Amino acid sequence: MQLDTRAQTLLKALVERYIADGQPVGSRALSKISGLELSPATIRNIMADLEELGYVSSPHTSAGRIPTPRGYRIFVDTLLTVQHIDESSVEARMRLPSQQPQKLIANAAQMLSSLSQFAGVVMAPRHESVFQQIEFLRLSEKRILLVIVSPAGDVQNRMLLTDVDYTPAQLVQSANYINQHYSGLALEEVRGRMQNELRQLQTDMGRLMQAAVEAGSEAMAESADDMVISGERNLLSVSDLSSNMSSLRQMFDMFEQKTGLMQLLDVSSKASGVQIYIGGESSLVPMDEMSVVTAPYEANGKIVGTLGVIGPTRMAYERVIPIVDITAKLLSNALSNH
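Structure report, in brief. It should be emphasised that the depicted structure is a prediction, and the values quoted were computed from it without experimental measurement.

1. Looking at the packing of aromatic side chains
So, step 1. The tally for this structure, following the rule as stated, stands at three aromatic pairs.
So, step 2. Judged by centre distance (6.1 Å) and plane angle (55°), the rings of Y72 and Y317 are tilted. Note that Y72 is positioned in helix α4 (residues 69-79) and Y317 in helix α13 (residues 317-336), a separation of 245 residues in sequence.
So, step 3. With relative accessibility at 4%, the residue Y72 sits in the buried group.
So, step 4. Taking the ring centre of Y18 as reference, the NZ or CZ of R314 above it sits at 5.7 Å.

Here is the structure:
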């Protein structure tokens, strides 16, 4: 349902006041701060309508109201006036002369955290799993060690359990075939090409090579340092998030396990521009009192990762959104010059 202008003005005033001081907002306060010439009775009626629509709720102990996740959503989507942040002052903090990408990413996470006073998170660029060569070592019957060497000389090992007992000669032949035909390609690309090209090979050997490429992709993906988080401690001083033991535990589980966060950042890397995930509304956010503001970043015109700020639902979105937006642009520029 479309809210009329008065209802929008009152909802905006209520959300802004609640974000500022964390207390339920009553009709009298709203009539002062909204600038509307309305009687307290009219304001109460509009607030009752907003409550019925699910945009605000009344904590039982108070006559005032607070925004619901749905109220925050309409606020950030349609009512928010984003603050202007001086890009050059942010850029000065992120002066990153010719650093390695890993340093740039850590720096961006720290900057998000220090500017927002919450936690900053950056999903590191997904590296394609390019390999230089692979080797098979027969450990025992049907157990093979797969050794993958990257162009930079990094080595990954994976155990392969096979249905067939391959001879050392077959293992050498398979490794030689992969190295000769596919060295220097990403393993994901090799997988696709193999499916077409290996039909004419003996099936056992083809199966071994397919298994090796799949295991290799997984090994390379796991070795990447997926995510950098900075400033988790800031969230301890946010009473909405640390008010009780179970929410604290939930929050630190999230930082420790990272899988939920990875999923959320992965989803937002497919979207364009700043995205806002509000707890209680998005199943991707593990806590009702938490919101995550994200934006994808690029290297040479291609989206390679996502960054963002994790904070309470009751955050100053008008400040956090431009912080996330500008940091994504600066990181994109810094990575594109490499």
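On we go.
2. Some words on the packing of helix α1 (residues 5-21) against helix α3 (residues 40-52)
So, step 1. Two numbers describe how α1 lies on α3: the axes approach to 10 Å, and their chain directions differ by 80°. The angle between α1 and α3 falls in the class roughly perpendicular. For the pair α1 and α3, the contacting residues are R6, A7, L10, L11 and L14 in the first and T42, I43, I46, M47 and L50 in the second.
So, step 2. Taken together, the residues that form the contact of α1 with α3 break down as eight nonpolar, one polar and one charged.

3. Considering the sheet that holds strand β3 (residues 119-123)
So, step 1. Read from one edge to the other, the open sheet built from five strands follows the order β7-β3-β10-β9-β8, with strand pairing classed as antiparallel. The open sheet has two edge strands, β7 (227-230) and β8 (275-278), and neither has a second partner. Along the sheet, successive strands turn relative to each other by an average axial angle of 20°, direction set aside.
So, step 2. Bridging between β3 and β7 involves four bridges; their strand directions are antiparallel. Within β7, the position partnered with M123 by the bridge is M227.

4. Details of the sheet that holds strand β4 (residues 133-140)
So, step 1. Taken in spatial order, the three strands line up as β4-β5-β6 in an open sheet, and their pairing is antiparallel. Two strands in the sheet have a free side with no partner beyond their single neighbour: β4 and β6 (155-161). Taken over all neighbouring pairs, the strand axes of this sheet differ in orientation by 25° on average, direction set aside.
So, step 2. Pairing between strand β5 (residues 143-149) and β6: seven bridges, direction antiparallel. Bridge pairing links I148 to Q156 in β6.
So, step 3. Along the sheet, helix α7 (residues 168-182) makes contact with β4 and β5, crossing β4 at roughly 165°.

5. Regarding α13
Working note: α-helix, 3.6 residues per turn, so residues spaced by three or four point in the same direction.
So, step 1. Compared with an ideal rise of 1.5 Å per residue, which puts 20 residues at 28 Å, α13 spans 28 Å between its outermost C-alpha atoms and is within 8% of the ideal.
So, step 2. The buried fraction of α13 amounts to 14 of the 20 residues, a majority that puts the element mostly inside the structure.

6. A few points about the environment of E281
So, step 1. Within the secondary structure, E281 is located in the loop between β8 and β9 (290-299).
So, step 2. Sequence-distant contacts of E281, defined by excluding residues within four places in its chain, comprise P69 and R73.

Rules used throughout
Residues numbered from 1 in each chain as written. Predicted model: local features only at pLDDT ≥ 70, side-chain atom pairs only at ≥ 80, totals over all residues. Heavy atoms only, no water. Phe/Tyr/Trp six-rings, centres within 6.5 Å; stacked < 30°, edge-to-face > 60°. Helix = DSSP H or I, 4+ residues; strand = E, 2+ residues; numbered from the N terminus. Buried < 20%, exposed > 50% of the residue type's maximum accessible area, 1.4 Å probe, protein only. Lys NZ or Arg CZ within 6 Å of the ring centre and 35° of its normal. Axes fitted to C-alpha atoms, helices over the stretch in contact; angles between N-to-C directions. Parallel < 35°, antiparallel > 145°, perpendicular 65-115°, else oblique. Contact = heavy atoms within 4.5 Å. Nonpolar A, V, L, I, M, F, W, Y, C, P; charged D, E, K, R; others polar. Pairing = 2+ DSSP bridges. Expected span 1.5 Å × (residues − 1).

By themselves, these observations are geometric and do not establish any function.
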